[in-house]
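# Descriptive analysis of the structure
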Amino acid sequence: SQQGEEDPQALSIQEGENATMNCSYKTSINNLQWYRQNSGRGLVHLILIRSNEREKHSGRLRVTLDTSKKSSSLLITASRAADTASYFCATDAYQGGSEKLVFGKGTKLTVNP
Amino acid sequence: NAGVMQNPRHLVRRRGQEARLRCSPMKGHSHVYWYRQLPEEGLKFMVYLQKENIIDESGMPKERFSAEFPKEGPSILRIQQVVRGDSAAYFCASSPFKQSYGYTFGSGTRLTVV
């Protein structure tokens, strides 16, 4: 079952602007992760935020987590054309007898030069 | 450390044929996960394996799909009698932990059924 749901589905911005993507989820979590996927490639792990954390930074990335609203946001500052990719949130879910990552449908980000 | 290796990168099969997808986990990783991605969709969990054991196959279709992770060699995802709806990207991830972090994903196998 789908756990994370990102919005917007697609986002187009100009180089240098900030990009914000949101993720909502349904059940309680231990952590939430953001991944990036370039077109036709595999997934690259960006950042993990634990349920007892509210904000985390990594370079130009800033992630927030609001467990009361069951939502997270990913902010990419000073975007570059190379940031063009799909971004997915993933939450840990105990389903079917094991813990696994459950992904949303993703936000497709286009950064125009 | 070569990362998670998946092969082939691209696979074309005619309807009714069998598809075999291989995944070699990172050295030291004993947990393997298979995910399927349909076009413009997120990744959907299929199966979780450890060496010689299927731990969770709750995401696997009931028929035609099987997976194994033998004592020696790569993990194999096998799809028998493929249909057009099986066309997708299949990703493998490995992890040193049974928890849902520390995953390293392979580059995927893109299966096209014609």
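Residues numbered from 1 in each chain as written. Chains lettered and ligands numbered in written order. Predicted model: local features only at pLDDT ≥ 70, side-chain atom pairs only at ≥ 80, totals over all residues. Heavy atoms only, no water.

### Things to note about the packing of aromatic side chains
- Scanning all chains against the criterion turns up nine aromatic pairs over all chains.
- Seen in terms of ring centroids, Phe103(A) and Tyr35(B) are 5.5 Å apart; in terms of plane orientation they differ by 90°. Their pairing is edge-to-face. Taken together, the positions of Phe103(A) in strand 10 (residues 98-103) and Tyr35(B) in strand 4 (residues 31-37) put the pair across two chains. Considered together, Phe103(A) and Tyr35(B) belong to a single accessibility category, that of buried residues.
- Centre to centre, the rings of Tyr33(B) and Tyr103(B) are 4.5 Å apart; their planes meet at 20°, and the pair counts as stacked. With a gap of 70 residues between them, Tyr33(B) in strand 4 and Tyr103(B) in the loop between strand 9 (88-95) and strand 10 (104-105) connect regions that are remote in the sequence.
- Lys100(A) extends its terminal NZ or CZ atom over the ring of Phe45(B), reaching a point 4.6 Å from the ring centre. (Phe/Tyr/Trp six-rings, centres within 6.5 Å; stacked < 30°, edge-to-face > 60°. Helix = DSSP H or I, 4+ residues; strand = E, 2+ residues; numbered from the N terminus. Buried < 20%, exposed > 50% of the residue type's maximum accessible area, 1.4 Å probe, protein only. Lys NZ or Arg CZ within 6 Å of the ring centre and 35° of its normal.)

### Observations regarding the interface of chain A and chain B
- Taken together, the contact pairs 23 residues of chain A with 24 residues of chain B.
- For the pair chain A and chain B, the two sides together bury roughly 1700 Å², of which 51% comes from carbon and sulfur.
- Summed over the shared surface of chain A and chain B, the result is one salt bridge.
- Put simply, Lys100(A) and Asp56(B) hold a salt bridge, and the shortest N to O gap is 2.6 Å.
- The interface formed by chain A and chain B holds seven residue pairs in polar contact (both at pLDDT 80 or more) in total.
- Listed by contribution, the elements that provide at least two residues to the side of chain A that touches chain B are strand 4 (31-37), strand 5 (43-50), strand 9 (85-95) and strand 10 of chain A.
- Residue classes in the side of chain A that touches chain B are distributed as six nonpolar, 11 polar and six charged. (Contact = heavy atoms within 4.5 Å. Buried area = accessible area lost by both parts, 1.4 Å probe. Salt bridge = Lys/Arg side-chain N within 4 Å of Asp/Glu carboxyl O. Polar contact = N/O pair within 3.5 Å; in protein donor to acceptor, adjacent residues only side chain to side chain. Nonpolar A, V, L, I, M, F, W, Y, C, P; charged D, E, K, R; others polar.)

### What about the sheet that holds strand 3 (residues 19-24) of chain B?
Residues and elements named next belong to chain B.
- On the basis of which strands lie adjacent, the open sheet formed by four strands has the order 1-3-8-7 and antiparallel pairing. Across the chains shown, the open sheet's two edge strands, defined by having one partner strand only, are strand 1 (5-7) and strand 7 (65-68). Averaged over neighbouring strand pairs, the angle between their axes works out to 15° when direction is ignored.
- Relative to strand 8 (residues 75-79), strand 7 is paired through four bridges, and the arrangement is antiparallel. Within strand 8, the residue paired with Phe65 across the bridge is Ile79. (Pairing = 2+ DSSP bridges. Axes fitted to C-alpha atoms, helices over the stretch in contact; angles between N-to-C directions.)

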